[in-house]
Amino acid sequence: MDKIRVLIAKPGLDGHDRGALVIAQALRDQGMEVIYTGLRQSPEQIVASAIQEDVDCIGLSCLSGAHNELFPEVVRLLKEQGADDILVIGGGVIPAEDIPYLESQGIAKVFTPGASTKDIADYIRLALKEKKRKLLVDPPKKIAHIGIAVKSIEDSLPFYQQQLGLALEGIETVESEQVRVAFLKVGETRIELLESLSPDGPIATFIKHRGEGIHHLALEVDDIEARLKQLKENGVRLIHEQPKEGAHGAQIAFLHPKATGGVLLELWQYDQQTEEAWA
């Protein structure tokens, strides 16, 4: 993670900033880049400074008793400016009964007098790490398909078509994976039958060791490149670090089974135009 940038701000009219200065120095000592706004800043000034300085976190300090008005206003303005990915924490003389309200208004954490500066720095690091993780981890949209390894598509299709009544959407060759594939739609997902193009291809090897059966699950995602980047940063073992072209022109990438509890997972992304072409 790049060096954390923190804006320490004094909203409102109180003229005491000793505590804010102590926090600013402590965060610098912890290796963070700290910008201090000075006294008597309006929420508008604070938000403008935060965006201009491209900070990761705003630390608000207030001793005047106006925290219930000033702190939420900073959060509101950040949202209005599309900068609500900035973490906001608060501190000062904050009555315990006000903390739940402030947290409900988007203040991530409120530190009262006596809080350790190391605890504040540790909290910022962990909260930013978690925030970044959450920003990138929207759940997959659905199971795009279930891949089933078969020795012969022609020999397998009668069961799915005649016994289950599934409609064949098409058969195509995917040279990059050394397979022929057949798709059959089931509700919002599909079954993908995979037949190897060569006796030593991945599907042939799979069948040789495990027999015919479920080979992988494909999860539909929106931004496969961003997701692969995030998984790599989180230390997840990948088979493909960059997406490649799969069936129907979809962008695909596989995660290593050792990272998924033994399940071969495929990330699958295709646009609406491609989806309509299937229909």
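Parameters at a glance
- Residues numbered from 1 in each chain as written.
- Predicted model: local features only at pLDDT ≥ 70, side-chain atom pairs only at ≥ 80, totals over all residues.
- Heavy atoms only, no water.
- Core = buried A, V, L, I, M, F, W, Y, C linked by side-chain atoms within 4.5 Å.
- Buried < 20%, exposed > 50% of the residue type's maximum accessible area, 1.4 Å probe, protein only.
- Helix = DSSP H or I, 4+ residues; strand = E, 2+ residues; numbered from the N terminus.
- Contact = heavy atoms within 4.5 Å.
- Disulfide = S-S within 2.5 Å.
- Arc of directions from axis to C-beta.
- Polar contact = N/O pair within 3.5 Å; in protein donor to acceptor, adjacent residues only side chain to side chain.
- Phe/Tyr/Trp six-rings, centres within 6.5 Å; stacked < 30°, edge-to-face > 60°.

This part is about the nonpolar core. Here is a general trend for soluble globular proteins: nonpolar side chains tend to be buried in one another's company. Ile58, Leu60, Phe71 and Leu78 are the most contacted members of the largest nonpolar core, which has 24 residues in total. Elements with a minimum of two residues in this core: strand 1 (5-9), helix 2 (43-53), strand 3 (57-62), helix 3 (67-80) and helix 4 (99-104). Of all the elements, helix 3 adds the most residues to this core, at 6 residues. The residues contacting Leu60, other than those within four sequence positions of it, are Ala9, Pro11, Ile46, Phe71, Val74, Val88, Ile89, Gly90 and Gly91. Formed by 18 residues, the second largest nonpolar core is a distinct cluster that contains Phe183, Ile203, Phe206 and Ala250.

Let's shift gears to the state of the cysteines. On inspection of all chains with the given rule, the structure shows 0 disulfides. Unpaired in this structure, Cys57 has its nearest cysteine sulfur neighbour in Cys62, at a distance of 17 Å. Given a relative accessible area of 0%, Cys57 falls into the buried group. Residue classification places Cys62 among the buried residues on the basis of a relative accessible area of 0%.

Okay, helix 6 (residues 153-163) next. An α-helix turns once per 3.6 residues; consequently, residues spaced three or four apart project the same way. When helix 6 is considered as a whole, its buried residues turn out to be Ile153, Ser156, Leu157 and Tyr160. Burial along helix 6 is one-sided: seen end-on, the buried residues are contained in an arc of 110 degrees. In helix 6, those exposed residues whose orientation departs by more than 90 degrees from the buried face are Asp155, Gln162 and Gln163. Taking the backbone nitrogen of Glu154 as reference, a side-chain oxygen 3.4 Å away marks Ser152 as the first, capping residue of helix 6. Gly165 sits one or two residues past helix 6 and shows a positive phi near 75 degrees.

Further remarks concern the packing of aromatic side chains. Per the counting criterion, the structure on display carries 4 aromatic pairs. Relative to Tyr160, the ring of Phe159 lies with its centre 5.1 Å away and its plane at 80 degrees, an arrangement referred to as edge-to-face. Take Phe159: its relative accessible area is 45%, and that puts it in the partly exposed class. According to the relative accessible area criterion, Tyr160 is buried, its value standing at 12%. Between Phe183 and Trp268, the aromatic rings sit 6.3 Å apart at their centres with planes inclined by 50 degrees, giving tilted as the arrangement. Within this pair, whereas Phe183 is found in strand 8 (residues 179-186), its partner Trp268 is found in strand 13 (residues 265-269), the two being separated by 85 residues in sequence. On the basis of relative accessibility, which here comes to 1%, the residue Phe183 falls in the buried class.

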